[in-house]
Amino acid sequence: MLTSITEGILCCLTGKVAGLVLSLESTEPSDGFEFVEVKPGRVLRVRHIVPERQPVVTEGQVAGNKKKVADDDDDDDDGGYPRDCNEGHTGSSVHCKRKITVYRNGQLVIENLGDVLHSEILQCRDGDLEPCSTVEVELADYKEMPSSPDPKPVTPPVPPPLGEQKPAPPPRRRRRKPKRTVQIDSKRVISSCKGTHSDVALFFVHGVGGSLDIWGSQLDFFSRLGYEVIAPDLAGHGASTAPQIAAAYTFYALAEDLRAIFKRYARKRNILIGHSYGVSFCTFLAHEYPDLVHKVVMINGGGPTALEPSLCSIFQLPSCVLHCLSPCLAWSFLKAGFARQGTKEKQLLKQGNAFNVSPFVLRAMMSGQYWPEGDEVYHAELTVPILLVHGMCDKFVPMDEDQRMAEILLFAFLKVIEEGSHMVMMECPDTVNTLLHEFFLWEPDMSRKDSIKTATALSDTPHTLKINKPVEK
C-alpha cells in the first residue's frame, strides 16, 4: 500500500504513469501464443490452438475407396478410410422473421412472426418452440412529451335533449405513426458444432481489466475436445501493447482490433464467447458478420442498452490517484467479482491476470465505453442463437438486465448459475464448460413446428409481453 502511494506521488510529479502491462519484448514466446499487428505499432497477443486432426478425405479418394470395397468382400463397410465429420451434416433451417417498430413516444414493439426457439437441454422455459409473440418495450432514451395543443380547436357539439339522445359510438382509437420500422425475414441454418468439425472456431473475448488467461479452463477444455480456439488480449491488457493515448481504448478502436483478429482466424462456422464488456464486441461482430457467426455466448454481459460512460464514476479520477487506490480497487473487484473471497479466489485472480492493468488504461477503457448504436433495436436485429450465462451472486450486472436481454433477442436461452458471480467461468469452470459444450452441440428440433403452428392458429388470445423501463448500465 505504501509503495503504491509513493509511486502515485511520483506519477503526479513526473506526469508519467507506471505501466503494469507486460511489454512485447519482455514476453517469452511459447506454444500456442501469437503476436498480431492489427495496426502499425498496435500488437495484440493471441492464444491460438489448432487441434491435430486426421487429413480430410477428398471425393476422389472416397470414390476410389468405395470401388476397392466393392472388389473386396472381406473389407469393412467403411473402406478403411477416415470419414469427414462435416460430410452430410446440414443442420435445421429456421425461419427468422420479426417486425421491429419504434414509435415517436419511445415505445418499441417487436412482433415475432417466425420461429422462436428454446432448448430443453439448457433447461429454458416452454420447450423447443413457442408460438409467435409480441414484445412491447419502453426505450430508455425516450421520455413521454406532452402533446402540442391543436391549432384549430373544434367547439364541442351541443348535446340533444334528454329524450332524443342516441347511444354513443365506440371511441375511435388514434392510429400511432411509427418513427422507424425494421423488417427481418430470412432463413438461418443452425447445426451442431462438434470438435471434430474443421470448419468451427471458438473466439473468447474478455472484458475490462482481464486478459486471455481468465479463459484458461475453457481453452484447455475445448482444445482437448478438438475445437480450434482463439483468445486475444485487448489493447493495454495482458501482453498486448499499451498505447499511451486515450483514443486507442474507445469502443470503436477496440472493435476494429477484434474485427481484424476475427477476419484473420474466422472459419465457416464461428462461435463467439464474450464476458462483461467483451459481450458488446461479440454483439458487434455478430451484427457485422451474420453469415459467419453461427452462435454467441454472453456471460454476465448486461442489458441491451447503448453504452455511455458515467460522468460520476471513480474511474474519472486522474490516473495518479487511481494508482494510489489500486490496492483498494483490486480488493473491491475481488469482493464484487467472486461469490467467495478466500485463498482460492485470490489465486485465481492472480493466475488470470485480472485487474492487472495500468491506471491510465483502466481510466481510458471506462471513459471510452461510448456506443450509441448498440441499443435495443440493434440487439433485436440479431438472428443468431445466443446463450446467456448469469452468475446469481454477480454484483456488477443485475439479474434483471440479463432477463431483459433474453426478452429482446430473437433466439435467446438464459441460464443462471446459483453458485457463480461475475467471474463465473473461473469460479465454476466445470459447470460453464458443460453448459457451453451442450450449447455448441445443440441443434433445434423442428419436427413439432407444424403442430405448434396449428395450435397457434386455433388460439384467439395473442401472447403479449410487456417489459418495464430498462436499467441503465
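## A few points about the pairing of strand E13 (residues 386-391)
Two faces belong to every sheet, and in a regular strand the side chains alternate between them.
Then comes step 1: Among the 6 residues in E13, 6 count as buried, and that is most of the element.
Then comes step 2: Along E13, one buried face is formed by Ile386, Leu388 and His390 and the opposite face, lined by Leu387, Val389 and Gly391, is buried too.
Then comes step 3: Pairing geometry for E13 and strand E14 (residues 412-417), over 6 bridges, is parallel. In the strand pairing of E14, His390 is matched with Val416.
Then comes step 4: Following the backbone out of E13, through helix H11 (residues 399-408) and into the adjacent parallel E14, one traces a crossover that is right-handed.

## Examining the side chain of His390
Then comes step 1: Tracing the sequence through the fold places His390 in strand E13.
Then comes step 2: The contacts of His390, once residues within four sequence positions are left out, are Asn300, Val397, Pro398, Met399, Asp402, Leu414, Lys415, Val416 and Ile417.

## Description of the packing of helix H3 (residues 216-224) against helix H13 (residues 429-441)
Think of two packed helices as two axes; the pair is described by the angle between the axes and how far apart they sit.
Then comes step 1: Between H3 and H13, whose axes approach to 10 Å, the crossing angle comes to 45°. The pairing of H3 with H13 is recorded here as oblique in orientation. In this structure, the crossing between H3 and H13 has a hand that is right-handed. Only Pro429, Val432, Asn433, Leu436, His437 and Phe440 of H13 make contact with H3, whose side of the interface consists of Ser217, Gln218, Phe221 and Phe222.
Then comes step 2: Residues of the contact of H3 with H13, tallied by class, amount to 6 nonpolar, 4 polar and no charged.

## Observations regarding the packing of aromatic side chains
Then comes step 1: All chains considered together, the criterion is met by 19 aromatic pairs.
Then comes step 2: Relative to Phe222, the ring of Phe221 has its centre 5.0 Å away and its plane inclined at 85°; by these criteria the two rings are edge-to-face.
Then comes step 3: The class of Phe221 is partly exposed, set by a relative accessible area of 23%.
Then comes step 4: Residue classification places Phe222 among the buried positions, given a relative accessible area of 0%.
Then comes step 5: Ring centres of Phe251 and Trp371 lie 4.4 Å apart, and the angle between their planes is 25°; this geometry places the pair in the stacked category. Taken together, the residues Phe251 in helix H4 (residues 251-265) and Trp371 in the loop between helix H9 (359-367) and helix H10 (376-380) connect sequence positions 120 residues apart.
Then comes step 6: With a relative accessible area of 0%, Phe251 lands in the buried category.
Then comes step 7: According to the relative accessible area criterion, Trp371 is buried, its value standing at 3%.
Then comes step 8: An aromatic cluster is present here, built from Phe251, Tyr252, Tyr277, Phe281, Phe284, Trp371 and Tyr378 joined pairwise through their rings.
Then comes step 9: Positioned over the ring face of Phe439 is Lys295, at 5.3 Å from the centre of the ring.

## Thoughts on H13
Then comes step 1: Given a rise of 1.5 Å per residue, 13 residues ought to cover 18 Å, and the 18 Å separating the end C-alpha atoms of H13 matches this to within 8%.
Then comes step 2: Taken together, the buried positions of H13 are Val432, Asn433, Leu435, Leu436, Phe439 and Phe440. The buried residues of H13 occupy an angular sector of 165° when projected down its axis, which confines them to one face.

## Overview of a nonpolar patch on the surface
Then comes step 1: The grouping of Ile314, Leu317 and Val321 at the surface amounts to a nonpolar patch, some 200 Å² of accessible area in total.
Then comes step 2: Note on placement: Leu317 falls in the loop between strand E12 (293-299) and helix H6 (319-324).
Then comes step 3: Overall, the relative accessible area of 32% leaves Leu317 in the partly exposed class.

## Re the sheet that holds E13
Then comes step 1: The mixed open sheet is built from 8 strands, whose spatial order is E1-E2-E10-E9-E11-E12-E13-E14. The open sheet terminates on both sides in strands that have one partner only, identified here as strand E1 (33-39) and E14. Put simply, the sheet's adjacent strands are angled 20° from each other on average, direction ignored.
Then comes step 2: Pairing geometry for strand E9 (residues 200-205) and strand E10 (residues 228-232), over 3 bridges, is parallel. Residue pairing across strands places Leu202 opposite Val229, the latter belonging to E10.

## A look at the pattern of salt bridges
Then comes step 1: According to the stated counting rule, one finds 10 salt bridges in the structure shown.
Then comes step 2: Across the salt bridge formed by Arg269 and Asp199, the nearest N and O atoms sit 3.0 Å from each other. Placement of Arg269 in strand E11 (residues 269-275) and of Asp199 in the loop between strand E8 (178-190) and E9 is noted, with a sequence separation of 70 residues between them. This pair shows no difference in class: Arg269 is buried, exactly as Asp199 is.
Then comes step 3: Residues Glu288 and Arg259 are paired through a salt bridge, measuring 3.6 Å at the closest nitrogen-oxygen approach. Linking Glu288 in helix H5 (residues 278-288) with Arg259 in helix H4, this pair joins segments that are 29 residues apart in sequence.
Then comes step 4: Under the relative-accessibility criterion, Arg259 is labelled buried at 18%.
Then comes step 5: Three or more residues joined by partner-sharing salt bridges are found here, namely Arg45, Asp213 and Asp233.

Calculation rules
- Residues numbered from 1 in each chain as written.
- Predicted model: local features only at pLDDT ≥ 70, side-chain atom pairs only at ≥ 80, totals over all residues.
- Heavy atoms only, no water.
- Buried < 20%, exposed > 50% of the residue type's maximum accessible area, 1.4 Å probe, protein only.
- Helix = DSSP H or I, 4+ residues; strand = E, 2+ residues; numbered from the N terminus.
- Pairing = 2+ DSSP bridges.
- Right-handed = clockwise from strand over helix to strand, strands pointing away.
- Contact = heavy atoms within 4.5 Å.
- Axes fitted to C-alpha atoms, helices over the stretch in contact; angles between N-to-C directions.
- Parallel < 35°, antiparallel > 145°, perpendicular 65-115°, else oblique.
- Left-handed = near helix turned anticlockwise from the far one by under 90°.
- Nonpolar A, V, L, I, M, F, W, Y, C, P; charged D, E, K, R; others polar.
- Phe/Tyr/Trp six-rings, centres within 6.5 Å; stacked < 30°, edge-to-face > 60°.
- Lys NZ or Arg CZ within 6 Å of the ring centre and 35° of its normal.
- Expected span 1.5 Å × (residues − 1).
- Arc of directions from axis to C-beta.
- Patch = residues over 30% accessible without salt bridge, like charges linked within 9 Å, V, L, I, M, F, W, Y side chains within 5 Å.
- Areas by Shrake-Rupley, 256 points an atom, 1.4 Å probe, with all protein chains shown as cover.
- Salt bridge = Lys/Arg side-chain N within 4 Å of Asp/Glu carboxyl O.

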